[in-house]
Amino acid sequence: MTRVTVWNENRHEQKNPVVSEIYPKGIHGAIAEFLQSDNYEVRTATLDEPEHGLTEEVLENTDVLVWWGHLAHHEVQDEIVKKVQQRVLDGMGLIVLHSGHFSKIFKVLMGTSCDLKWREADEKERLWVVDPTHPIAEGIGEYIELEKEEMYGEHFDIPAPDELIFTSWFEGGEIFRSGCTFKRGNGKIFYFRPGHETYPTYHNEQVQQVIKNAVKYVKPADRKRPVYGNAQPLETISAK
């Protein structure tokens, strides 16, 4: 069974009654709940736990890490970021959601600023499926329509994605690369844009389906990891 850890800084839920009303168990709790219904083994972790809930034991027993952050990116310890980065390079899958684009872990794995345009104006978002053959888009129609969301607009300062699955259009006119995959080392990463804390986006069944599909896609391959470093020859090397 795929082992998933859902990480959330869990700060908006403590400060904003609108957020706590939409997500009474926290954003992490809402995501964990629908993943558990899909028969994943799920745990949660939050910023204020010791080691942000991401101890060596937790990371070693995580196949896919889901990350949501916004207010407190700067509070995430660099030592923990390095451990998560190494786990991704070793094969752990990583799903970065919404404002997690500015998280330390996403920026270090991308190597860019990961900056973008944004606006909060209660506007419609339409996420168009631009790669209908991709497993992450399985079960999704031509687009997902969200009545109200925060706008993210191009240019999104990320490396060219390995695969682009969703492109968003917003009521105000902007577009955005909203579903992108990347490979880093032996690990796979999926960035998925929607999920502003004051909207019930993670209660949307299509959004849930995308995240469920993404867990399947980024989970580690069932194979031995490559061996690095000095290697003995496989064949006899003839003396020169």
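The rules behind each value
- Residues numbered from 1 in each chain as written.
- Predicted model: local features only at pLDDT ≥ 70, side-chain atom pairs only at ≥ 80, totals over all residues.
- Heavy atoms only, no water.
- Helix = DSSP H or I, 4+ residues; strand = E, 2+ residues; numbered from the N terminus.
- Rg over C-alpha atoms; globule rule 2.2 N^0.38 Å.
- Contact = heavy atoms within 4.5 Å.
- Lys, Arg positive; Asp, Glu negative; His and termini not counted.
- Charge placed at Lys NZ, Arg CZ, Asp CG, Glu CD.
- Salt bridge = Lys/Arg side-chain N within 4 Å of Asp/Glu carboxyl O.
- Buried < 20%, exposed > 50% of the residue type's maximum accessible area, 1.4 Å probe, protein only.
- Polar contact = N/O pair within 3.5 Å; in protein donor to acceptor, adjacent residues only side chain to side chain.

**A closer look at the overall build of the protein chain**
(1) Moving on: For the protein chain, the helix and strand inventory stands at seven helices and nine strands.
(2) Moving on: Radius of gyration (C-alpha) of the protein chain: 19 Å, near the 18 Å computed for a compact globule of 240 residues.
(3) Moving on: For the protein chain, the C-alpha atoms occupy an extent of roughly 75 × 40 × 35 Å along the three principal directions.
(4) Moving on: Taking all contacts inside the protein chain whose residues are at least 6 apart in sequence as the whole, residues at least 24 apart take part in 71%.
(5) Moving on: Taking the average place of the 27 positive charges on the side chains of the protein chain and the average place of its 39 negative ones, the gap between the two points comes to 6 Å.

**Overview of the pattern of salt bridges**
Two side chains of opposite charge can pair, provided their charged atoms sit close to one another.
(1) Moving on: This structure, assessed with the given rule, holds 15 salt bridges.
(2) Moving on: One salt bridge connects aspartate 78 with lysine 104, and the closest N-O pair in it is separated by 2.8 Å. Of the two residues, aspartate 78 sits in helix α5 (residues 78–90) while lysine 104 sits in helix α6 (residues 104–110), which places them 26 residues apart along the sequence.
(3) Moving on: Relative accessible area serves as the criterion here: at 25%, lysine 104 is assigned to the partly exposed category.
(4) Moving on: Glutamate 154 is the partner of arginine 177 in a salt bridge, and the nearest nitrogen-oxygen pair spans 2.9 Å. Of this pair, arginine 177 sits in strand β8 (residues 175–184) while glutamate 154 sits in the loop between β6 (143–153) and β7 (163–170), and the two are 23 residues apart along the sequence.
(5) Moving on: Each member of the salt-bridge network shares a partner with another, and the members are Glu51, Glu56, Glu79 and Lys83.

**Quick look at the environment of asparagine 8**
(1) Moving on: Along the chain, the position of asparagine 8 falls in strand β1 (residues 3–8).
(2) Moving on: Along the sequence, asparagine 8 and alanine 45 sit 37 residues apart, while their C-alpha atoms lie 6.6 Å from each other.
(3) Moving on: Apart from residues lying up to four places away in sequence, asparagine 8 is in contact with Glu13, Ile27, His28, Ala45, Thr46, Leu47 and Trp68.
(4) Moving on: Polar contacts involving the side chain of asparagine 8 include one to the main-chain amide nitrogen of asparagine 10, which spans 3.2 Å.

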